[in-house]
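Structure at a glance
Residues per chain are reported as follows:
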Amino acid sequence: MELRFTNSRTRTKETFVPIDPKNVRMYVCGPTVYDRAHLGNARPVIVFDTLFRLLRAVYGPDHVTYVRNFTDVDDKINARAAESGRTIAEITEETTRWYLDDMAAVGALEPSHMPRATQFIPQMVAMIADLIAKGHAYAAEGHVLFAVESYTGYGALSGRSVDDMIAGARVEVAPYKRNPMDFVLWKPSSDDLPGWDSPWGRGRPGWHIECSAMSYDLLGESFDIHGGGNDLLFPHHENEVAQSCCAHPEGGFANVWLHNEMLQVEGKKMSKSLGNFFTVRDLLDQGVPGEVIRFVMLSTHYRKPMDWTAEKAGAAERKLQGYLGRIAGTDMEAAKAQAPDEQILSALADDLNSHAALARLDQIEDAGVLAANLVFLGLWTWDGMEAALKGLDARGDALRPLADLLAQTRANAMQTKDFSEVDRLKSALVAAGVEVRMSKAGVELVPGPEFDASKLEGLL
Ligand code: AMP
Ligand code: ZN
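Structural notes, computed from the coordinates. It should be emphasised that the depicted structure is a prediction, and the values quoted were computed from it without experimental measurement.

**Let's talk about the coordination of the zinc ion (ligand 2)**
- Protein ligation of the zinc ion (ligand 2) involves Cys29 (SG), Cys211 (SG), His236 (NE2) and Glu240 (OE), the donor distances falling in the range 2.0 to 2.2 Å.
- For the zinc ion (ligand 2), the four donor atoms in the first shell make angles of 79 to 129° at the metal, a pattern classed as irregular.
- Read from N- to C-terminus, the donor residues coordinating the zinc ion (ligand 2) fall into the pattern C-x181-C-x24-H-x3-E. Of this pair, Cys29 sits in the loop between strand S3 (24-28) and helix H1 (39-59) while His236 sits in helix H7 (residues 233-247), and the two are 207 residues apart along the sequence.
- Note on His236: relative accessible area 1%, which makes it buried.

Spelled out as structure tokens, the structure:
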């Protein structure tokens, strides 16, 4: 199967050719762990999890390595510790656990490796020392800075020229910088801040160096795919390229760069700093199931901005309940043996066209195949689906006496030719969110997503 992706580096849609099909390697920038993930943070997780699933299906589950880091050293974390009186370790450990729980709830598989920045400080120090030795970085006043002028490729990824960047920069330039665009690899830590000994004194890394050091350690000097939100393209990814390509000129760093567009609120990026965010946990606590969040996310192509709306969530919930209704009673063991649908795979192979992949679900006739593809797309795990089906069953059981009553009333009405009581029962059921299926074979009542048992009281 041919895979094609839009590579931000070349700005074209290209055929994907892995460096080593026996070990397809992907790195995605992960969260800074100081707070609950907001819904925007879940977008790259769901997008790149879907890509991970596609790669596993195409190259084999043992032939894909997916790395997503945790940034657990950062000034936002330090600030959170200072204002809350808690330790940095408490905050980062708790937030990391929350993140894994919340992302599992939206169907994300765990990546093959989840390195924490604080576990890779020696690798970062070694890379920084190497950059200095190679003339790409310099130490000044306890800092180490990357010299952007030493790398002619600087700006190529994001399509900017260094001169334009300098002209556009409004930041006050630190006196120890040779060039205003030079960025921090290492900075000094005062005693109250986390710090590690280094050749440049006690300090801590800048943000960008961790991804270069961890991807090199876990994936090598060249790997296949680098992902993240498009808000990271500049400066973060540009700086990763500069660091990695200068430290390891023998490699090409990432071949294919994929960037998801932003989740928005009223036309603006959802972000912590704008305060226009709600967390994944907020939604889950309000009763929006993880599969609904995932379905809504995958309904929009990853390269397009999108909004979260209650309407989209409602429509997704009805659609998923409909699928569950179709799957109810299917042999689940047989379903587990079904492979992903070819058309779903080819939709995803076309630059991750998840919208088309979801649309294909409606055309699948076999309930077992439908179940297998819902699981493949991460909308449910098998266990999660079975639990959801049990919930559906339990609600169906509650309706059984009413189904009998309706069947009996209909049989009477056939005799008397007076269907008013049948109509009254039917309207009451529909008003309670029940789908009424009447055929020669009998009466079937299926609880819909809006099902409200309290509205049925007094009917029996
Ligand atoms: P952060 O913790 O802010 O560094 O973000 C972690 C990941 O979430 C990065 O890949 C960001 O690009 C991504 N991200 C942040 N905000 C949004 C958003 N509103 N929509 C989509 N992705 C986002
Ligand atoms: Zn990164």
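**What to know about the side chain of His208**
- Here His208 lies in helix H6 (residues 208-219).
- Reaching out from His208, the side chain makes a polar contact with the side chain of Asn239 at a distance of 3.2 Å.
- Contact partners of His208, with chain neighbours within four places excluded, come to Phe183, Pro235, His236, Asn239, Glu240 and Gln243.

**Regarding the layout of surface pockets**
- Counted as a void, the largest pocket has a volume near 850 Å³.
- Around the largest pocket, the lining is made up of 41 residues, and of these Gly30, Thr32, Asn41, Asp231 and Leu232 lie nearest the centre.
- Counting residues per element, the ones that place at least two in the lining of the largest pocket are H1, strand S4 (64-68), helix H3 (88-105), strand S9 (222-229) and H7.
- Across the lining of the largest pocket, the residue classes tally to 18 nonpolar, 14 polar and nine charged.

**Section: the side chain of Asp72**
- Residue position: Asp72 is located in the loop between S4 and helix H2 (75-84).
- Buried charge Asp72 goes without a salt bridge, the closest partner of opposite sign being Arg116 at 5.3 Å.
- One polar contact links the side chain of Asp72 to the main-chain amide nitrogen of Ala117, over a distance of 3.3 Å.
- One polar contact links Asp72 to Thr118, side chain to side chain, over a distance of 2.6 Å.
- Not counting residues up to four positions away in its chain, the partners in contact with Asp72 are Val33, Ile77, Thr92, Arg116, Ala117 and Thr118.

**Thoughts on empty space enclosed by the protein**
- Taken as a whole and assessed by the stated rule, the structure comprises two cavities of 30 Å³ or more.
- Approximately 50 Å³ is the volume attributed to the largest cavity.
- In this structure, the largest cavity is lined by Ser212, Ser215, Tyr216, Gly220, Glu221, Phe223, Ser244, Cys245, His248, Gly251 and Phe253.
- Partitioned by chemical class, the residues of the lining of the largest cavity number four nonpolar, six polar and one charged.
- Reported here for the second largest cavity is a volume of approximately 40 Å³.
- In this structure, the second largest cavity is lined by Val47, Thr50, Met297, Leu298, Thr300, Tyr302, Leu352 and Ser354.
- Along the lines of polarity and charge, the residues of the lining of the second largest cavity split into five nonpolar, three polar and no charged.

**A look at the pattern of salt bridges**
- Taken as a whole and assessed by the stated rule, the structure comprises 21 salt bridges.
- Of the charged contacts in the structure, one is a salt bridge between Lys187 and Asp75, with a shortest N-O distance of 3.1 Å. Of this pair, Lys187 sits in strand S7 (residues 183-188) while Asp75 sits in helix H2, placing them 112 residues apart in sequence.
- The exposure class assigned to Asp75 is partly exposed, which follows from its relative accessible area of 37%.
- Among the salt bridges present, the one from Arg281 reaches Asp102, with a minimum N-O distance of 2.7 Å.

**Focus on the nonpolar core**
- Counting residues in hydrophobic clusters, the biggest one holds 77 residues, and the most contacted among them are Leu51, Leu361, Leu374 and Met385.
- Looking at this core element by element, the count peaks at eleven residues for H1.
- The residues touching Met385, leaving out its near neighbours within four places in the chain, are Leu324, Ile327, Met332, Ala371, Leu374, Val375 and Trp380.
- In this structure, Ala137, Tyr154, Ala213 and Leu219 belong to the second largest nonpolar core, which totals 42 residues.

**Here we look at the sheet that holds strand S12 (residues 268-269)**
- Strand order in the open sheet made by the three strands is S12-S11-S13, with mixed pairing throughout. Each edge of the sheet is formed by a strand with only one pairing partner; in this case those strands are S12 and strand S13 (306-307).
- Sheet analysis places strand S11 (residues 263-265) next to S12, joined by two bridges and oriented antiparallel. By the bridge assignment, Val265 is partnered in S12 with Lys268.

**Looking at the pairing of strand S10 (residues 253-260)**
- Most of S10 sits out of view: seven of its eight residues are buried.
- Where S9 and S10 come together, seven bridges link them in parallel fashion. By the bridge assignment, Ser222 is partnered in S10 with Phe253.
- Taking the sense of rotation as the criterion, the β-α-β connection linking S9, H7 and S10 turns out right-handed.

About the cut-offs
Residues numbered from 1 in each chain as written. Chains lettered and ligands numbered in written order. Predicted model: local features only at pLDDT ≥ 70, side-chain atom pairs only at ≥ 80, totals over all residues. Heavy atoms only, no water. Donors = N, O, S within 2.8 Å, 3.2 Å for Na, K, Ca; no water. Tetrahedral: all angles 85-135°; square planar, octahedral: opposite > 155°, others 65-115°. Helix = DSSP H or I, 4+ residues; strand = E, 2+ residues; numbered from the N terminus. Buried < 20%, exposed > 50% of the residue type's maximum accessible area, 1.4 Å probe, protein only. Polar contact = N/O pair within 3.5 Å; in protein donor to acceptor, adjacent residues only side chain to side chain. Contact = heavy atoms within 4.5 Å. 1 Å grid on protein atoms, 1.4 Å probe; cavity = no way out; pocket = protein on both sides within 12 Å on 5 of 7 lines; lining within 4 Å. Points joined across faces, edges and corners; volume = space filled by probe spheres on them. Nonpolar A, V, L, I, M, F, W, Y, C, P; charged D, E, K, R; others polar. Lys, Arg positive; Asp, Glu negative; His and termini not counted. Salt bridge = Lys/Arg side-chain N within 4 Å of Asp/Glu carboxyl O. Core = buried A, V, L, I, M, F, W, Y, C linked by side-chain atoms within 4.5 Å. Pairing = 2+ DSSP bridges. Right-handed = clockwise from strand over helix to strand, strands pointing away.

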